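Observations on chain architecture
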Amino acid sequence: MAASTTRCGLYWVIFLLISLFSTGQATRPPVSSSLDTRLANQIFSYVNESISPCDDYYKYACGKWGEKHEYDNFMEITGLIDQKVNENIVTLMDELEKRSLRPNTVEAKALRVYQTCRAAKSGTRSSKHYLELVPPNDQISWPQFTIKPQVWASNKFQWMETLGRLRRYGLSNVLFKLEVIPHMENSSKYIINIDSPSFEQKNQRLQSVTLTKLRLQLLGVDRRRARTLASKIKALEASIRHLAETNVSEESSRDLSLRELETLTRGKWRNFLNIVRDRRLSADYELQVDNLDYFPALMQLLENYDREVLASYIMLRFVMFLQEESMDSDEPIACAQEVRGNMELAANLFYETRFIGPDKLRQHQADVQELFGHLRKQFLLKLEGNHLHLKRSQMDMLRLKMNKMTLNIGNMPQNVNRTQFVAQYYENLRLSEEHDYARIQLELLQFRVSRWFEQLEKPVANSCDFFYISDSDTGMSSTPYYMLRQNIIIVPYGILQEPIFHHDAHDIFKVSLLGFMLGHELMHGFVSGGLIFDSQGNGYESGLEIIQQDRFSEGMSCLNRNETDYIEEREADIAGIRLAYDVYFGPGSSFSQTQPSFTSVPLKQFFFLSMAQFFCGQAPLGIFVEHDADEMRLRQVLINFPAFADAYNCRKDLDNMHPSQKCRLW
């Protein structure tokens, strides 16, 4: 595995040298152009000059963003990028409709998904239709669909059997989690991990009793029965949540055979996994278990529980899951998202072939790899500064992890014929000929889950051959993300366009925006949750030692002065801006410090203005998932970065954006 990774790294070194030789320099000197002027004017159009940048930088830099985009269908800059990608996918689908496609080709299957989304009757999108297609088992329907609910054959309902059937469509985190992940101590192989459920996010639990009652009524339960049943269902969920939160183990994951797990928990795990995997598994089959004490408590709770209540709870959580996975619109943009979310690799290939092309792709790869190389260098310089007073062995481990970190541009394997690869990947995807939205969705979900579980039979791919089998939300997003266990940053093709990136733009635009985004993702390998894994994605003691050191603990306490549930995102933000800034302005920078002709704003101020565009938007507070609101994030980034206060001459402790106490880890 290490040898393959080295070959991949060597490939990129050669690739970059060829690209740099062909351009004659590592970085393009700034030249005034209509492109630079257009990008700068767009940034300036969002600025509210009535606000002091030292008082509230978000309101200053982003104050007119909402006004400028009042009638647009996106809420922030990454939404703008995704809108452009979706429009291109619509164009591509329109082109495919005019072609005579061979049946069962990837193009034909993607077009089938798009056309079904566009043309399916509304009844095929209903939750009731989904549930009719996926009953609890082959003998009974859901209790709500029985002509006389009071005579529902509850004795035929087995909750683990039903969960096994639903897990084949991707349902997890209901009563317990089941995921396919790299082994904690040997990331070269995948293993099934079972854990207690989470309830922190809104989509991880039912809503209020009143809304639960309304959901039941929409599924055909009469009003009186729905009120009583909703209360019982919510009480069940509260009991499960209590068990999950009171049976948290501090022990690391345990590897157990199915025989051992059944003995320890009294659950029918072998039958459950036989259903999930659609094959018979040996009693010696091993899986990884977290929070083991939760499971016997769960089995005891559910042993004699009202089966109608339990079935209804599982049913409602399945409906919530399906609603998140489905588009509630048949508009072209929504249906383009459908294709991206459910057939991401195909959409990536189409996008690369139709809208990028080989020459432009090579240039994009060279540009992004070069920028990443600058960020890597800055992190290694900061590591050598040893702000955390690390041991030499700890620094060596972190240096190795940084040097082994790679980029995957486009979420595609690097050393294959991509057209053949994508065709083979979707070869076994079978889609209904009917315009039945729910049926097609279930077929897509089942295909994706089967691909997840196929990883158990294969070694983990090296960094050159790796691609991520994403969930729908990730598949339809153009935002870069870090794969913690693989030590890889995925850079979707969509992000490599204006206003975030353009090859011919002045370097200040590229470093301030894409540089910050990549710096943020890079730092996820070195935040508190990332440090516990080494360069190969295996858990290691040295990372825990770093987290427990006084300097690290002090830095974490400082960062959490304004308390957040997303401390790792804050760590990555604050360290990421330092990396990007020092890439451009730090000692030894290869980037021109000459004031560009397209703006009179000092270059360092312009860097922060450009970077702030990542956070500008008009998204409501409730929409942010696993991140603080953008306004809070930008404020925390800048109040903890002395270079910002220097650039704007803010007054220490007199201006809101320049408190004397600055927090840092690295």
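Since this is a predicted model, take the numbers as computed values, not measurements. (Residues numbered from 1 in each chain as written. Predicted model: local features only at pLDDT ≥ 70, side-chain atom pairs only at ≥ 80, totals over all residues. Heavy atoms only, no water.)

1. Here's the deal with the state of the cysteines
Evaluation of the coordinates by the stated rule reveals 4 disulfides. Residue C54 pairs covalently with C650 via a disulfide, S to S 2.0 Å. Between C54 and C650, the S-S dihedral sits near -85 degrees, and the bridge is therefore left-handed. Remark: C650 occurs in the segment after helix 29 (642–648) and C54 occurs in the loop between helix 2 (34–45) and helix 3 (57–62); sequence separation between them is 596 residues. Classification of C54 as buried rests on a relative accessible area of 6%. (Disulfide = S-S within 2.5 Å. Helix = DSSP H or I, 4+ residues; strand = E, 2+ residues; numbered from the N terminus. Buried < 20%, exposed > 50% of the residue type's maximum accessible area, 1.4 Å probe, protein only.)

2. What to know about empty space enclosed by the protein
Enumeration over the complete set of coordinates arrives at 8 cavities of 30 Å³ or more. Looking at the largest cavity, its volume works out to about 140 Å³. Around the largest cavity sit 15 residues that line it, and V85, R340, N348, Y493 and G494 are the ones nearest its centre. Of all the secondary structure elements, the ones that give two or more residues to the lining of the largest cavity are helix 5 (77–97) and helix 16 (344–356). Take the lining of the largest cavity: its biggest share by element is 4 residues, from helix 16. (1 Å grid on protein atoms, 1.4 Å probe; cavity = no way out; pocket = protein on both sides within 12 Å on 5 of 7 lines; lining within 4 Å. Points joined across faces, edges and corners; volume = space filled by probe spheres on them.)

3. A closer look at the pairing of strand 4 (residues 286–289)
As judged from the 2 bridges shared by strand 2 (residues 190–195) and strand 4, these two strands associate in the parallel manner. Bridging from a neighbouring strand, I194 pairs with V289 of strand 4. Direction of pairing for strand 3 (residues 254–257) relative to strand 4: antiparallel, over a ladder of 4 bridges. In the strand pairing of strand 4, R254 is matched with V289. (Pairing = 2+ DSSP bridges.)

4. Focus: the pattern of salt bridges
In total, this model carries 28 salt bridges according to the counting rule given. One salt bridge connects E237 with K234, and the closest N-O pair in it is separated by 3.6 Å. With a gap of 3 residues between them, E237 and K234 both fall in helix 10 (residues 223–246), about one helical turn apart. Given a relative accessible area of 5%, E237 falls into the buried group. Linked through salt bridges whose partners overlap, the residues forming this network are D56, K59 and E631. (Salt bridge = Lys/Arg side-chain N within 4 Å of Asp/Glu carboxyl O.)

5. Here we look at the nonpolar core
Y57, W159, L175, L522, F608 and W666 are the most contacted members of the largest nonpolar core, which totals 216 residues. Looking at which element gives the most residues to this core, the answer is helix 14 (residues 307–325), with 12 residues. Setting aside chain neighbours within four positions, we find Y57 in contact with C62, Q605, F608, L609, A612, L634, L638, F644, Y648 and M657. (Core = buried A, V, L, I, M, F, W, Y, C linked by side-chain atoms within 4.5 Å. Contact = heavy atoms within 4.5 Å.)

6. What to know about a negative patch on the surface
Taken together, the side chains of E185, D255, E260 and E286 make up a negatively charged region of the molecular surface. Counting through the fold element by element, E260 comes out in helix 11 (residues 258–265). Here E260 falls in the partly exposed class, since its relative accessible area comes to 39%. (Patch = residues over 30% accessible without salt bridge, like charges linked within 9 Å, V, L, I, M, F, W, Y side chains within 5 Å. Areas by Shrake-Rupley, 256 points an atom, 1.4 Å probe, with all protein chains shown as cover. Lys, Arg positive; Asp, Glu negative; His and termini not counted. Charge placed at Lys NZ, Arg CZ, Asp CG, Glu CD.)

7. Regarding the packing of helix 26 (residues 567–585) against helix 27 (residues 603–612)
Where helix 26 contacts helix 27, the two axes come as close as 12 Å, and the packing angle between them is 145 degrees. Two packed elements cross with a definite hand, and for helix 26 against helix 27 that hand is right-handed. On helix 27, the residues touching I577, A580, Y581, Y584 and F585 of helix 26 are L603, K604, F607, F608 and M611. When its residues are assigned to classes, the contact of helix 26 with helix 27 shows 9 nonpolar, no polar and 1 charged. (Axes fitted to C-alpha atoms, helices over the stretch in contact; angles between N-to-C directions. Left-handed = near helix turned anticlockwise from the far one by under 90°. Nonpolar A, V, L, I, M, F, W, Y, C, P; charged D, E, K, R; others polar.)

8. Observations regarding the sheet that holds strand 2
Taken together, 4 strands build an open sheet; the order of strands is 1-2-4-3 and the sheet is mixed. Sheet topology places strand 1 (177–182) and strand 3 at the edges, where each strand pairs with a single neighbour. Across this sheet, the average inter-strand angle for adjacent strands is 40 degrees, counted without regard to direction. Bridging between strand 1 and strand 2 involves 6 bridges; their strand directions are antiparallel. When the sheet's bridge partners are listed, L178 is paired in strand 2 with I194.

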